[in-house]
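# Descriptive structure summary
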Amino acid sequence: MELQGANDGIRLAAYRANLPAPVANGKATSGGFDSDYYTCDGDGSSVASRVSVDLTGYETMDAPPRYDFYANTEVWGRRRQFRPSLFQLHAGPEDSSEEDEDEQKEPPSEPTRFGWVQGVMIRCMLNIWGVILYLRLPWITAQAGIGLTWVIILLSSTITGITGLSTSAIATNGKVKGGGTYFLISRSLGPELGGSIGLIFAFANAVAVAMHTVGFAETVTDLMRENGAVMVDRTNDIRIIGIITVTCLLGISMAGMAWESKAQVLFFIVIMVSFASYIVGTIIPASPEKQSKGFFSYKANIFATNFVPDWRGPGGSFFGMFSIFFPSATGILAGANISGDLKNPAVAIPRGTLLAIFWTTVSYLIISATIGSCVVRDASGVLNDTLSPLSTGEECVGTACQYGWDFSECINNKTCVYGISNYYQSMSMVSAFGPLITAGIFGATLSSALACLVSAPKVFQCLCKDQLYPLIGFFGKGYGKNNEPIRGYFLTYIIAACFILIAELNTIAPIISNFFLCSYSLINFSCFHASITNSPGWRPSFRFYSKWLSLLGAICSVVIMFLLTWWAALIAFGVVFILLAYTLYKKPDVNWGSSVQASSYNMALSKCAGLNSVEDHVKNYRPQCLVLTGPPSSRPALVDLVSCFTKDLSLMLCGNVLTDGPTPSVLEKTMNDSHLNWLNKRKVRSFYRGVVAADLQSGVNVLLQGAGLGRMKPNVLIMGFKKDWRSDTPQAAHNYIGIMRDAFDLQFGVCVLRMREGLEVSNPSQSHGETSVSIEPEPQHSTQFQKKQGKKTIDVYWLSDDGGLTLLLPYLLTRRKRWAKCKVRVFVGGEVSCTGLQCGHVLLIVHQFEKMVSRFRVDTNSKPDSNSGCASQHQEPWMITDQDFEKNKAKSLRQIRLNEVLLDYSREAALIIITMPVGRRGVCPSTLYLAWLDFLSRDLRPPVLLVRGNQENVLTFYCQ
């Protein structure tokens, strides 16, 4: 597409209105576009638009794209700006307000923020490296051989790498705040799973502080014992050193993230120096003392011998070694856990986490290959175990025989104390300077303990602020410019100290590993679930992930949980399910746009679309009800009755019609969520739909034709009886009957509920839907339909065959527990006759009926000509002429007599259901028809439900 040249451009400025002098004299270009209309930030990550005077010279409230419109936080130094609403854009100038002037604020001091190297990569590498690297990797290499050890390392790194990819995808799908793993999972899968994982992940990190601290304390205690220094005994020495150590770590954490980060860098340098010392030691020629312990520098024969496995002991198997090594590959979430302290989490988390996994994997592979190429599996450590010059070497056992050493005796007797199969400190022995390996062990344990001590409060603080669980909000308060969770630090310190005092964590360690794996599984599942739902909100900038790889990672994490320790896996899942059940029961008031919500929408849409290919059958008929409640809280009895025969069975939709103009306040009342909140609190499963219309009848017509989706649309209209029809305007009564006739025209069944005390609880003068809505929470009024009905009766007067709806509704009621004991009595319509005495009583009641409609009778004394009479009736169709009254006299008498029957037989019923008569359009005026319904159901103590089906079968005798 070719753009117009500068001289050919359209001059928008020529069409602009008169502007204030500063604007009119602003800078403009000749072509209509500024040369700097679009500018790009230096890093290319965001685009800002600057509109020239030529484009904004005309008067408009339209605003170009701005950061403020999409962010939910303010920018320091100015007032946050909001996008104009549609009403503001198309309303008159007097209805719109000018933008507020920028409000200058003094920005607070910027807290410490870390980049991807110091904040994520180094932190993750330190948390991944641990005592297993120094004390167990050589032993695993001896057991599994170099080949299978590499398989174990690569398999572990594959799982953590997939988790890293999933974490990167989730972290780049939006702005990441504090809370780390909990924030990522909860904002993706919702509060149910996110909350449970956040709680156990924070607890696991707190206990992990104790684990790493005890590992450090045990090493110090062993060094003290070797040098003859003992304080009390081994167990109490571990406790004392552990408490002192964790207290020092707490002090570093409390000093702030800057000091904690500096300490991590120091530990990182110590570990790197220990690695260098080890690599140099493998190159230096071996001394006789080291040779006696099995070290011979790089030898091809040693590599070939140690390449194949040599399983020993009860745990000598591939999965046994895998279960021991895999915890050393965890710790990849240490950087994500301090997401709130990163400069740019969306960049730092993917880059730092993935590089940490890569470099730690390389280090594991190098160490296993080098230690397996330099040290034999078994050695005695005795300098005299050399081959004599006279020996033939035929009886010598082991690879060391080729290098002049004979360890046959200890190998045959299985008493060798050195070699990578027996000596855990082989890396110290190989190192150029052994104490550096000890320093590396100290650095690995203390750095991991410090990382967990920082991670646990950060995750727990975010969980506390979300208030998903009771009694934990106290720990959500932050202090200082970094919003440090000081209370969370002390809580983590207390938990860690308690487990340090136990000084025996062999049974707790597998539970912690399983909790970490459970988190990995849910992170992978979060990425898979968000991808599979095809939600438009899932658009991560990190593209190097696969939803199927994420699913594989989730499955593998669960499998490894049971391979490590099956009972610990069951405990982890048990805790998750208990917390999940609690959250599902409490239903916290949060909405994070999770993938679970997107999945629910997809499933609902798929099921609704699938119903279109299913033909209707009378056996599957369900009364799907459109209930004219107005605000549902204003007519709770109507809501409760309809809910009795639709809950868990069919559709219920509460309709509300507002007859005011479509102003923002009215639209807010119509669409206000307080109505749904009221229904949910009442445990009524119903939808709500509000419309704005010129009058009630046209609004209901919109609902009748537009409510529903596909086959999930109403087929029965339920409304309350208009008790004030005689005192209200005749037009209102005519519109009320017009609603019923519109429903019949659209093949709806119609039900009208009348209660002696009325339906409305807020304002008795309200009619159906013509009401204002309060923004305040509405009270939950109790009604008789919420109570158990006992052993009363449901009296059904099936006077006309309407298709069976009159019989179906009472049956559905009796399926509910509160109506189950009620007996259904069916009265079938027939001829109504009376004796002379009864007829005399009826004549008195007929007089009352005539008095009821007298206000709407055409005055026959004025004797207008026929043309003027027809015109008057056309303008006022609710008026009753003598001809109308005579034509419908038989039906009028029938309703009068039926009321007498109801009073005689159904005074003590729990509910009366009666077939509603139908008045012909053009034959029965609306006020006469309304008088029938009024007289038929008057003076009755039980609620009366007038029912009329759409004359189509809703019941069948057959099974097909």
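Keep in mind it's a predicted model, so treat the numbers as computed, not measured.

Attention now moves to the overall build of the chain. Secondary structure assignment for the chain yields 33 helices and 11 strands. Evaluated residue by residue, the chain yields a buried proportion of 49% over its 960 residues. Accessible surface, the chain as shown: approximately 47,100 Å² in total, 57% of it carbon and sulfur.

Here we come to the state of the cysteines. Counted according to the given criterion, the structure contains two disulfides. Disulfide pairing places Cys396 opposite Cys401 at an S-S distance of 1.7 Å. Between Cys396 and Cys401, the S-S torsion sits near -85°, and that sign places the bridge as left-handed. In this structure Cys396 comes out as buried when scored by relative accessible area, which is 14%. Put simply, Cys410 and Cys416 are joined by a disulfide, and their sulfur atoms are 2.0 Å apart. Measuring the twist about the S-S bond at about 80°, one finds the Cys410-Cys416 disulfide to be right-handed. With relative accessibility at 8%, the residue Cys410 sits in the buried group. On the basis of relative accessible area, Cys416 is assigned to the buried category, the value being 9%.

Let's shift gears to the packing of helix 8 (residues 191-226) against helix 17 (residues 434-466). At a minimum axis separation of 8 Å, helix 8 and helix 17 run at an interaxial angle of 160°. Considering the angle they form, helix 8 stands roughly antiparallel to helix 17. Seen from above, helix 8 lies across helix 17 with left-handed handedness. Looking at the contact of helix 8 with helix 17, its residues break down into 19 nonpolar, 11 polar and no charged.

In this section: the nonpolar core. In terms of nonpolar packing, the biggest core is built from 123 residues, with Trp129, Leu133, Tyr134, Tyr364 and Val375 touching the most fellow members. The element contributing the most residues to this core is helix 17, with 14 residues. Residues in contact with Tyr134, not counting those within four places in the same chain, are Ile271, Ser274, Phe275, Tyr424, Met427, Ile437, Gly440, Ile441 and Ala444.

So, about the pairing of strand 6 (residues 716-720). For strand 6, a buried count of five out of five residues is recorded, marking the element as mostly surrounded by other parts of the structure. The side-chain alternation of strand 6 yields two buried faces, one formed by Val716, Ile718 and Gly720 and the other by Leu717 and Met719. Note that strand 3 (residues 625-628) and strand 6 share three bridges and pair parallel. What sits directly across from Leu626, in strand 6, is Leu717. One ladder, built from five bridges, connects strand 6 with strand 7 (residues 749-754); its direction is parallel. Across the sheet, Met719 pairs through a bridge with Val752, a residue of strand 7. Once the chain exits strand 6 it traverses helix 27 (residues 730-745) before rejoining the sheet at strand 7, and the crossover so formed is right-handed.

A positive phi angle, near 65°, is found at Gln747, a position not held by glycine. For Gln747, the location among the structural elements is in the loop between helix 27 and strand 7. Overall, the relative accessible area of 43% leaves Gln747 in the partly exposed class. Located in the positive-phi region is Gln951, a residue other than glycine, with phi close to 65°. Mapped onto the fold, Gln951 is located in the segment after strand 11 (944-948).

Attention now moves to a positive patch on the surface. On the surface, Lys788, Lys791, Lys817 and Lys821 cluster together to form a positively charged patch. Among the structural elements, Lys791 can be located in the loop between strand 7 and strand 8 (793-798). A residue is classified by how much of its surface remains accessible, and Lys791, at 75% relative accessible area, is exposed.

Our next topic: helix 17. Between its terminal C-alpha atoms helix 17 stretches 49 Å, which fits the 48 Å expected from 33 residues at 1.5 Å a residue. Positive phi shows up at Gln467, right after helix 17, with a value of about 55°.

Taken as a whole, the chain shows an average pLDDT of 80; of its residues, 83% reach a score of 70 or greater. Confidence over residues 96-104 falls short of pLDDT 50; this stretch has 14 contacts with residues more than four positions distant or in other chains. Low pLDDT (under 50) marks residues 763-775, which in the prediction has 41 contacts with non-local residues, meaning those over four places away or in another chain.

For the structure shown, the criterion picks out 31 aromatic pairs. Ring plane angle 25° and centroid distance 6.3 Å describe the contact between Phe785 and Trp819, whose orientation is recorded as stacked. Placement of the pair is Phe785 in the loop between strand 7 and strand 8 and Trp819 in the loop between helix 28 (805-814) and strand 9 (823-828), with a sequence separation of 34 residues. You'll find Phe785 and Trp819 in the same group, each marked buried. Within the aromatic cluster, the residues linked to one another by ring pairs are Trp129, Tyr134, Phe268 and Phe275.

This part is about the sheet that holds strand 10 (residues 911-915). Spatial strand order, 5-4-3-6-7-11-10-8-9: nine strands in an open sheet with mixed pairing. Each end of this open sheet is capped by a strand with a single partner; those strands are strand 5 (687-692) and strand 9. This sheet shows a mean twist of 20° between the axes of neighbouring strands, independent of strand direction. Relative to strand 11, strand 7 is paired through five bridges, and the arrangement is antiparallel. Across the sheet, the residue bridging to Cys751 is Val947, located in strand 11. Sheet strands in contact with helix 27 are strand 3, strand 6, strand 7 and strand 11, and its direction is about 165° off that of strand 6. Across the sheet, helix 28 touches strand 6, strand 7, strand 8, strand 9, strand 10 and strand 11, and the angle it forms with strand 8 is around 170°.

Let us now look at the packing of helix 8 against helix 9 (residues 234-254). Each pair of packed helices can be described by the angle between their axes along with the distance between the axes. Closest axis-to-axis distance for the helix 8/helix 9 pair is 8 Å, and the angle between their directions is 125°. Classified by the angle between their axes, helix 8 and helix 9 sit oblique to one another. Between helix 8 and helix 9 lies a crossing whose hand is right-handed. Between helix 8 and helix 9, the residues in contact are Val209, Thr213, Val214, Phe216, Ala217, Glu218, Val220, Thr221, Asp222, Met224 and Arg225 and Arg234, Asp237, Ile238, Ile241, Gly242, Thr245, Val246 and Leu249, respectively. Of the residues that constitute the contact of helix 8 with helix 9, the class distribution is 10 nonpolar, four polar and five charged.

Take the side chain of Ser274 next. Along the chain, Ser274 turns up in helix 10 (residues 257-283). Looking at Ser274, the relative accessible area reads 1%, which means it is buried. Within the structure, the side chain of Ser274 is placed 2.8 Å from the side chain of Tyr134, a separation counted as a polar contact. The residues touching Ser274, leaving out its near neighbours within four places in the chain, are Tyr134, Leu436, Ile437 and Gly440.

Nonpolar side chains collect at one region of the surface, where Phe562, Trp566, Trp567, Leu570 and Ile571 lie side by side and expose about 500 Å² of accessible area between them. Top contributing element to the nonpolar patch by residue count: helix 21 (residues 566-586), with four residues. Tracing the backbone shows Trp567 in helix 21. Overall, Trp567 belongs to the partly exposed group, its relative accessible area being 34%.

Okay, helix 13 (residues 318-325) next. Regarding helix 13, the residues found buried are Gly320, Met321, Phe322 and Phe325. On its buried side, helix 13 packs onto helix 6 (137-171), helix 14 (345-374) and helix 20 (547-564).

Conventions we followed
Residues numbered from 1 in each chain as written. Predicted model: local features only at pLDDT ≥ 70, side-chain atom pairs only at ≥ 80, totals over all residues. Heavy atoms only, no water. Helix = DSSP H or I, 4+ residues; strand = E, 2+ residues; numbered from the N terminus. Buried < 20%, exposed > 50% of the residue type's maximum accessible area, 1.4 Å probe, protein only. Areas by Shrake-Rupley, 256 points an atom, 1.4 Å probe, with all protein chains shown as cover. Disulfide = S-S within 2.5 Å. Axes fitted to C-alpha atoms, helices over the stretch in contact; angles between N-to-C directions. Parallel < 35°, antiparallel > 145°, perpendicular 65-115°, else oblique. Left-handed = near helix turned anticlockwise from the far one by under 90°. Nonpolar A, V, L, I, M, F, W, Y, C, P; charged D, E, K, R; others polar. Core = buried A, V, L, I, M, F, W, Y, C linked by side-chain atoms within 4.5 Å. Contact = heavy atoms within 4.5 Å. Pairing = 2+ DSSP bridges. Right-handed = clockwise from strand over helix to strand, strands pointing away. Patch = residues over 30% accessible without salt bridge, like charges linked within 9 Å, V, L, I, M, F, W, Y side chains within 5 Å. Salt bridge = Lys/Arg side-chain N within 4 Å of Asp/Glu carboxyl O. Lys, Arg positive; Asp, Glu negative; His and termini not counted. Charge placed at Lys NZ, Arg CZ, Asp CG, Glu CD. Expected span 1.5 Å × (residues − 1). pLDDT = per-residue confidence, 0-100. Phe/Tyr/Trp six-rings, centres within 6.5 Å; stacked < 30°, edge-to-face > 60°. Polar contact = N/O pair within 3.5 Å; in protein donor to acceptor, adjacent residues only side chain to side chain.

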